[in-house]
Amino acid sequence: MPTNFTVVPVEDGRKPAQEDSDDNNVLKEEDEETVGDGNPRESSPFIHNTDDYKGTLYDGKNMALFEEEIESNPMVSSLLSKLANYTNLTQGVREHEEADEDEGAKKKKVKSPQMGTFIGVYLPCLQNILGVILFLRMTWIVGTAGILESFIIVSMCCSCTMLTAISMSAIATNGVVPAGGSYYMISRSLGPEFGGAVGLCFYLGTTFAGAMYILGTIEIFLTYIVPSAAIFKAEEKALEAEAMLNNMRVYGTCCLTLMAVVVFVGVKYVNKLALVFLACVVLSILSIYAGVFKTIFEPPVFPVCLLGNRTLQNHGFDKCMKTDIIDNVTVTTRLWALFCSGPELNASCNEYFSLNNVTEIQGIPGLTSGAISENMWGSYGPTGMMVEKDLPSVPGSASPQDKDMPYVVNDITTFFTLLVGIYFPSVTGIMAGSNRSGDLRDAQRSIPIGTILAIATTTIIYLSCVVLFGAAIDGVVLRDKFGDSVKGNLVIGTLSWPSPWVIVIGSFFSCCGAGLQSLTGAPRLLQAIARDGIVPFLEVFGHGKANGEPTWALLLTALICESGILIASLDAVAPILSMFFLMCYLFVNLACALQTLLRTPNWRPRFKFYHWTLSFLGMSLCLALMFISSWYYALVAMLIAGCIYKYIEYRGAEKEWGDGIRGVSLNAARFALIRLEEAPPHTKNWRPQMLVLLNLDSELSVKHPRLLSFTTQLKAGKGLTIVGSVLEGTYLTRDTEAKQAEQNIKSAMSAEKTKGFCHVVVSSNQRDGISHLVQSAGLGGMKHNSVLMAWPGNWRQSNDPQSWKSFIETVRETTAAHLALLVAKNVDSFPHQERLSEGTIDVWWIVHDGGMLMLLPFLLRQHKVWRKCKMRIFTVAQLDDNSIQMKKDLQMFLYHLRLNAEVEVVEMHDSDISAFTYEKTLVMEQRSQMLKQMQLSRTEREREAQLIHDRNTASHAALNDKADAAPERVHMTWTKEKFFSNRNREHNATMAVRDLFNMKPEWESLNQSNVRCMHTAVKLNEVVVNKSQGAHLVLLNMPGPPRNRGGDENYMEFMEVMMEGLNRVLLVRGGGREVITIYS
């Protein structure tokens, strides 16, 4: 049923007076329906908050049920309006418009993108793929590798880019791809670490591509257009290569500077010239095909001169003959002068020249000549190898002068893998369509169709060129890289129609345009990476001119490009950029395969003709091509990418882009958790998985941060750590505080370098909250097996007995749950990050606890803080024990455990219970009984506790001095001397108190169990203090609490007595299982 909405615009909560008077009745009728009560309008990023809508309020009648959620959850109509008007502008467009507006130009309305598949994707990809390698190196590759192996090279490289294009199409059609193209796709699919690493590799590849195009431009200019423009000229043939490289460096640097200035001044001119450069490429290709088919009827005349079977450089002579007859007189030619000492017929000549005749063949025999069979197989060779034809010749003796003769020779050592690296850049450029996604009318339709069609077209062109070149051009001309045998013409130009200059000029402008586009695109890619904030040291390159032009990024790009130009050899630069592009394509395939296999809910590409097997095949092919091209370049590229990856992981900003690597982590974690659930870990794999119980102060800050330091030292970054805390109350009222507490704990964990998870529980009381943590923390097999907490040091002074009762209940719960328990006394005095000097970690092994006492010192000593400490193990021998044999057995046990420790057996024979023990037990019981029986108020309890304290520790004079002061809390610290002096001095006061409470003070009436426990605590404390008072850390067995909860307070007293006089103590209670073994 249609619903009508009434929207009443208001200003400052009121309508204008005129409108108020006109619509007064309407307002009265709709007074209850209008939401004009001053509630703020929603502010959502999905809704157009333009000036036209200021003050707009929602009608509360139809949507009253949702009116409280309108602010955070907008109306569907508003959301759809926002999405319908979404414009995906290319990077820099908005900045240009703002700059134009600032200059006073009339603001132009941004038109929605209108480019279709042909103009927006197909032609840019075609222009980027076809380029310098096709014009300058394709014929040489066919001649060197042969038609068959060239066909394999082209097929491998084109298959790699086609498979990559299929994967890229799936990623590009899985949602809107903003400007940024391949970098955006990889980073959002594989995460910031991979995205940054591959993005920078793609940037380096694009930058070196610019260097390659500039070198190609200069090579065409100096070799085929104006050879006389060379600055460095070689006197000898052996120095020609070096002179050429120096010319390339000088002219290349000048060309780079000019191009950088053009890009800096106005990138719009580069874009306007793109059509001209594209026309050059298309015309050049058409002229090649026209020339090839023309050879069937009328092959072009390009004679090649051979001496024997060796090809000669056709530069210094005009006739391919040794002698000529002019006016019936035999005279020598200019060719004779090149090989002989003089023009005379009897001059001494080169031996090979004398033994062999000169022949002239056609360099372009034509398609029907049968040259295809001759060029079917490759002809690889070392540097300096002469280009020879399969003809009979008379071999001469090797002469050092041969290298100075005008033969056509290999300028570099050739082999199959080298040609793969040189050729691969000619198939790159497939990302041109995805980089323009912001300009396309329907990017999700145009990118797959345009890119795949462009690759299919260029593949057909390349494969047909391999066959046609091999069939129409003679082999020696194909292997002549610089066209020396055809009078310095571009080899591919000899085939073109109507003139070789069509190819020369077309390839020149094509290389210029490609170089300009590389210098335009690479800085913007670097700027996009810098603005993402994932690589901190690149942030400066995110800035630029006022209109958004990446000035600093352009400067860095020019410097890196200059390093490629200084290499000066097109054949040396091409494999470098092949590595970076191959790595980029590898990760595009990996991203698609991962997303497909993980079945991410958001993975819904419109392009359906993909499969994870194709992506894995493409990824494998990329990896294989990297190592085929150059294994050492491949390793260097991987090392660079790996370093960038680790840097971003260590220092970079944390980004959550919903990437596939996070999905892999989740699936791996799920799989591992399910596997861990099957069985408990073996003793050899046991390590403390800690649940650290923290207390927070009133400001929700961590009370004992050193507990986290100790956890880090104990774990050394391994295993599970869960840091938990409890807030009292209900979650609905304290959810904000819980989140704040969690942030504070995470900050403390970061400061203490504790790696783990944080869990804050809100519970009605502290006791239940800790119980929930102990029971439910962790997941599956990754649950804690140990609990670490601080000893409640001020439990005697606490007005609330729940603090120490909660502690004892936690001890009982960990025992019931078979968890190990570690309790740190004086935890604030534990070391932080400072390394301890040489000292000892003393272990008092009284009862067997599964080996926890042995394992913990070993783990601590793995950390740098405790590394210098030695481990000492003490055990207690009773009257019936053989202490000597015990020591030997313990030493043997430690030897089998592979632990280095000093062993000492302390004899603690049964002795009479001292008066000190009786009196200490008496004081403990009296205090406990008084507080229980009389149920005193807080003030009275403190007063009665003060009486007991005064009776045992102070004189009458001290009582009189402190009569007016606030009552002190009980602090029972005893020594034997103190006891006896106080007993003799305060006998009367003692009798008075006993009479007051009408209690029997005789020692015989004391609970004998308490007396025995106190005796153990006192005796054990004596021997521990005697041996370990100077130790850096003392580990003690922690006895369990009494079964009868009535003795809980006595248990705390026993623990205090046992640890008295020791600085750092770690009480350890095993979890009921063996955690250390002697077996391998």
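Cut-off values and rules
- Residues numbered from 1 in each chain as written.
- Predicted model: local features only at pLDDT ≥ 70, side-chain atom pairs only at ≥ 80, totals over all residues.
- Heavy atoms only, no water.
- Helix = DSSP H or I, 4+ residues; strand = E, 2+ residues; numbered from the N terminus.
- Buried < 20%, exposed > 50% of the residue type's maximum accessible area, 1.4 Å probe, protein only.
- Contact = heavy atoms within 4.5 Å.
- Areas by Shrake-Rupley, 256 points an atom, 1.4 Å probe, with all protein chains shown as cover.
- Pairing = 2+ DSSP bridges.
- Right-handed = clockwise from strand over helix to strand, strands pointing away.
- Axes fitted to C-alpha atoms, helices over the stretch in contact; angles between N-to-C directions.
- Parallel < 35°, antiparallel > 145°, perpendicular 65-115°, else oblique.
- Nonpolar A, V, L, I, M, F, W, Y, C, P; charged D, E, K, R; others polar.
- Expected span 1.5 Å × (residues − 1).
- Disulfide = S-S within 2.5 Å.
- Core = buried A, V, L, I, M, F, W, Y, C linked by side-chain atoms within 4.5 Å.
- Left-handed = near helix turned anticlockwise from the far one by under 90°.

**Student:** It is not clear to me how the overall build of the chain should be interpreted in this structure. Could you clarify?
**Tutor:** Regarding its fold elements, the chain presents 37 helices and 15 strands. Counting only residues that meet the buried cut, the chain has 50% of its 1080 residues in that class. Taking the intrachain contacts of the chain between residues at least 6 apart in sequence as the baseline, contacts between residues at least 24 apart amount to 81%. Surface summary for the chain: the accessible area is close to 52700 Å², and the carbon and sulfur share equals 56%.

**Student:** Is there a simple way to think about the sheet that holds strand 2 (residues 310–311) in this case?
**Tutor:** Adjacent strands of a sheet form backbone hydrogen bonds with each other and so pair up, either parallel or antiparallel. Overall, antiparallel pairing links the three strands, which are arranged 2-1-5 in an open sheet. Edge positions in the open sheet fall to strand 2 and strand 5 (358–362), since each of these has one partner strand only.

**Student:** How should I be thinking about the pairing of strand 12 (residues 870–877) in this particular structure?
**Tutor:** Taking burial as the measure, the eight residues of strand 12 include seven buried ones, the bulk of the element. When strand 11 (residues 840–845) meets strand 12, the two strands line up parallel, connected through six bridges. Each residue of the ladder has a partner; that of Trp-844, found in strand 12, is Phe-874. Note on the crossover from strand 11 through helix 29 (residues 852–860) to strand 12: the handedness is right-handed. Note that strand 12 and strand 13 (residues 902–907) share six bridges and pair parallel.

**Student:** Even after reading the chapter, I still don't get the packing of helix 7 (residues 138–172) against helix 16 (residues 443–472), so can you show me in this structure?
**Tutor:** Packed helices, taken two at a time, are described by the angle their axes make and the gap between the axes. Two elements in contact, helix 7 and helix 16, have axes whose closest approach is 9 Å; the angle formed by their N-to-C orientations is 170°. On the basis of the axis angle, helix 7 is roughly antiparallel to helix 16. For the contact of helix 7 with helix 16, the per-class residue count stands at 22 nonpolar, nine polar and no charged.

**Student:** Mind showing me how you'd approach the sheet that holds strand 8 (residues 757–763) here?
**Tutor:** The strand order 8-7-6-9-10-15-14-11-12-13 describes an open sheet built from 10 strands, whose pairing is mixed. Every other strand in the sheet has two partners, leaving strand 8 and strand 13 as the edge strands with one partner each. Strand-to-strand twist of the sheet, defined as the mean angle between neighbouring strand axes without regard to direction, takes the value 20°. Contacts between helix 26 (residues 731–751) and the sheet are confined to strand 7 (721–728) and strand 8, with strand 8 contributing the most and set at about 155° to the helix. Of the strands in this sheet, strand 10 (820–825), strand 14 (1033–1037) and strand 15 (1065–1069) are in contact with helix 37 (residues 1048–1059), which crosses strand 15 at around 130°.

**Student:** What is the right way to look at the side chain of Ser-169 in this model?
**Tutor:** Topologically, Ser-169 is positioned in helix 7. You can call Ser-169 buried: its relative accessible area is 0%. In this structure Ser-169 touches Pro-448, Ile-452 and Phe-607, once residues within four positions along its chain are discounted.

**Student:** I'm lost on helix 37 in this one. Help?
**Tutor:** Residues that lie three or four places apart on an α-helix share one face, since the helix turns once every 3.6 residues. The terminal C-alpha atoms of helix 37, which comprises 12 residues, lie 17 Å apart, in line with the 16 Å expected from a rise of 1.5 Å per residue. Every buried residue belonging to helix 37 is among Asp-1048, Glu-1049, Asn-1050, Tyr-1051, Met-1052, Glu-1053, Phe-1054, Met-1055, Glu-1056, Val-1057, Met-1058 and Met-1059, and all of these are buried. Taken from the residues just after helix 37, Gly-1061 is the one with a positive phi, measuring 85°.

**Student:** Honestly, the state of the cysteines in this entry has me stumped. Any pointers?
**Tutor:** Each disulfide is one covalent bond, formed between the sulfur atoms of two cysteines. In total, this model carries two disulfides according to the counting rule given. Put simply, Cys-305 and Cys-320 are joined by a disulfide, and their sulfur atoms are 1.9 Å apart. The disulfide joining Cys-305 to Cys-320 has a torsion of about 80° about its S-S bond and is therefore right-handed. Taken together, the positions of Cys-305 in strand 1 (residues 303–307) and Cys-320 in the loop between strand 2 and strand 3 (323–326) put the pair 15 residues apart, joining distant regions of the chain. Comparing Cys-305 with Cys-320 shows no difference in burial state: the two are buried. Paired by a disulfide, Cys-340 and Cys-349 hold their sulfur atoms 1.8 Å apart. Here the disulfide of Cys-340 and Cys-349 is right-handed, its torsion about the S-S bond being about 105°. Under the relative-accessibility criterion, Cys-349 is labelled partly exposed at 23%. Cysteine pairing for the chain (bonded cysteines numbered in sequence order): 1-2, 3-4. Cys-511 takes part in no disulfide bond, and the closest cysteine sulfur, belonging to Cys-512, lies 7.3 Å away. Take Cys-584: it sits in no disulfide, and the sulfur closest to it among the cysteines is that of Cys-201, at 8.6 Å.

**Student:** What's the story with the environment of Cys-512 in this structure? I'm lost.
**Tutor:** Tracing the backbone through its elements, the reader meets Cys-512 in helix 19 (residues 500–532). C-alpha of Cys-512 to C-alpha of Ile-214: the two residues are 298 residues apart in sequence and 6.8 Å apart in space. Excluding anything up to four places from it in sequence, Cys-512 contacts Thr-217 and Met-259.

**Student:** Which parts of the structure should I look at to understand the pairing of strand 9 (residues 786–790)?
**Tutor:** For a regular strand, side chains alternate in direction, first toward one face of the sheet and then toward the other. Here strand 9 lies mainly inside the structure; five of its five residues are buried. In strand 9, alternate side chains face the same way, and those of Ser-786, Leu-788 and Ala-790 on one face and Val-787 and Met-789 on the other are all buried. The sheet contact formed by strand 6 (residues 690–693) and strand 9 spans three bridges and is parallel. Paired with Val-692 across the bridge in strand 9 is Leu-788. The pairing of strand 9 with strand 10 spans five bridges and is parallel. Looking at the pairing, Met-789 lines up with Val-823 of strand 10.

**Student:** I tried to follow the nonpolar core on my own but got confused; where do I start?
**Tutor:** A general tendency of soluble globular proteins is for nonpolar side chains to be buried together. If you look at the biggest cluster of nonpolar residues, it comprises 161 residues, and the most contacted ones within it are Met-212, Tyr-423, Phe-424, Tyr-462, Phe-469, Ile-473 and Phe-587. Core analysis: the next-biggest nonpolar cluster, separate from the first, contains 53 residues, Leu-708, Ala-824, Ile-841 and Ile-873 among them.

**Student:** What exactly am I supposed to notice about unusual backbone geometry here?
**Tutor:** Peptide bonds are, in most cases, trans, and in most cases residues other than glycine have a negative phi. In this model, Trp-497 is joined to Pro-498 through a cis peptide bond whose omega is 10°. Within the secondary structure, Pro-498 is located in the loop between helix 18 (491–495) and helix 19. Here the phi dihedral of Lys-753 falls at roughly 60°; this positive angle occurs in a residue that is not glycine. Note on placement: Lys-753 falls in the loop between helix 26 and strand 8. Judged by relative accessible area, Lys-753 falls into the exposed class, the value being 55%. One non-glycine residue, His-818, adopts positive backbone phi at about 55°. Looking at where His-818 falls in the secondary structure, it is placed in the loop between helix 28 (802–816) and strand 10.

**Student:** Honestly, the packing of helix 19 against helix 20 (residues 551–567) in this entry has me stumped. Any pointers?
**Tutor:** Look at helix 19 against helix 20: their axes get within 8 Å of each other, and the N-to-C directions meet at 120°. By the angle class used here, helix 19 and helix 20 are oblique. Between helix 19 and helix 20 the crossing geometry is right-handed. On the side of helix 19, the interface is formed by Leu-519, Ala-522, Pro-523 and Leu-526, while helix 20 contributes Ala-553, Leu-554, Leu-556, Thr-557 and Cys-561. Partitioning the contact of helix 19 with helix 20 into residue classes produces eight nonpolar, one polar and no charged.

Taken by themselves, the reported measurements are silent on function.
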